[in-house]
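Here are the chains, one letter per residue:
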Amino acid sequence: MEAILLARLDEEGEQFTGEDPAEVLELEPDEAVVSVGPLEYDLTVRQVIGDELLVQGRVGCEVAFRCSRCAQEFSRRVGETHYMRSYELRDETESVDLTPDMREATLLAFPAYPVCTSACVGLCPTCGKDLNAGPCECKPAEESRWGGLDALKLD
Ligand SMILES: [Zn+2]
Ligand SMILES: [Zn+2]
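Only a predicted model underlies this, so the values are computations on that prediction, with no experimental measurement involved. Per chain, the residues get numbers from 1 upward, laid out in the order the sequence is written. Chain letters start at A and ligand numbers start at 1, both assigned in the order the entries are written. In keeping with the model being predicted, local features are shown solely for residues with a pLDDT of at least 70 and side-chain atom pairs are shown and tallied solely at 80 or more, while totals for entire chains, interfaces and linings include all residues.

(A) Structural context of the overall build of the protein chain. Secondary structure elements are defined from DSSP: runs of H or I of at least 4 residues count as helices, runs of E of at least 2 residues count as strands, and each element is numbered from the N terminus. Counting its regular elements, the protein chain contains two helices and seven strands. In the protein chain, the order of α-helices and β-strands from amino to carboxyl end is β-β-β-β-β-β-β-α-α. Of all 155 residues assigned to the protein chain, the portion counted as buried reaches 15%. Each residue is represented by a C-beta atom placed from its backbone, and any two residues with such atoms within 7 Å are regarded as in contact. Across the protein chain, the fraction of contacts at a sequence separation of at least 24, relative to all contacts at a separation of at least 6, is 58%. Comment: burial labels come from other C-beta atoms within 10 Å of the residue's own C-beta, placed from the backbone, where a count of 20 or more is buried, 12 or fewer is exposed, and between is partly exposed.

(B) Main features of the environment of Ser86. Tracing the chain through its elements places Ser86 in strand β6 (residues 73–88). By C-beta crowding, Ser86 is classed as exposed, having 12 other C-beta atoms within 10 Å. With 32 residues separating them along the chain, Ser86 and Leu54 place their C-alpha atoms 4.5 Å apart. Leaving out residues up to four positions away in the same chain, Ser86 has contacts with Glu52, Leu53 and Leu54.

(C) Summary view of the environment of Glu11. Position of Glu11 relative to the elements: it lies in the loop between β1 (4–5) and β2 (14–20). For Glu11, a count of 7 C-beta atoms within 10 Å gives the class exposed. Glu11 sits 36 residues away from Gln47 along the chain, and the two C-alpha atoms are 6.9 Å apart.

(D) Quick peek at the nonpolar core. As used here, a nonpolar core is made of buried Ala, Val, Leu, Ile, Met, Phe, Trp, Tyr and Cys residues. They are joined through C-beta atoms within 7 Å. Of all hydrophobic cores here, the largest spans 18 residues; its most connected members are Leu39, Tyr41, Val59, Cys61, Val63 and Met102. Of all the secondary structure elements, the ones that give two or more residues to this core are β4 (39–48), β5 (52–66) and β6. Broken down by element, the residue count for this core peaks at five residues, all from β5. Setting aside residues no more than four positions away along its own chain, Val59 makes contact with Leu39, Tyr41, Gly79, Glu80, Tyr83, Met102, Ala105 and Thr106.

(E) Focus on the environment of Glu137. Within the secondary structure, Glu137 sits in the loop between α1 (99–108) and α2 (141–154). Between the alpha carbons of Glu137 and Cys127 there is a distance of 8.6 Å; along the sequence they are 10 residues apart.

(F) Main features of unusual backbone geometry. Notably, Glu26 is not glycine yet its phi reads approximately 45°, a positive angle. Inspection of the secondary structure puts Glu26 in the loop between β2 and β3 (33–36). Not every positive phi belongs to a glycine, and Ala71 is a case in point at roughly 70°. With 13 C-beta atoms counted inside 10 Å, the residue Ala71 sits in the partly exposed group.

Next comes the structure, spelled out in structure tokens:
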């Protein structure tokens, strides 16, 4: 979003609702992230006691992730629903750019290891079957791990 021009800001506070293209997030390529929607914001901006700009509302985006356990795609909103930032205003301050903090808050909300549901049991490490759909034919994990080692030695 464009910087807030203090001279134009309504004394009663103003609502800023809109979206910025996902590019403003400058997200590093990540194999767990399939696609990212625009950065959406719904903010109330108010100047309080003359020298502080108070920003409250919601920021975030819709993200398609690949589950780190089962590799299925799922969508989730990422961001802050109780977003609040304040900015100290100096005499020379003419405008305040809210985008860097909105970007940071949204990026911090990205999960390091996204999972489709907390109950996701993932794929069998041996046969790759999605165990959410039911058990596979493989032997218990302990045995199959040794089996994997034996297979490696043959190479
Ligand atoms: Zn999953
Ligand atoms: Zn299996």
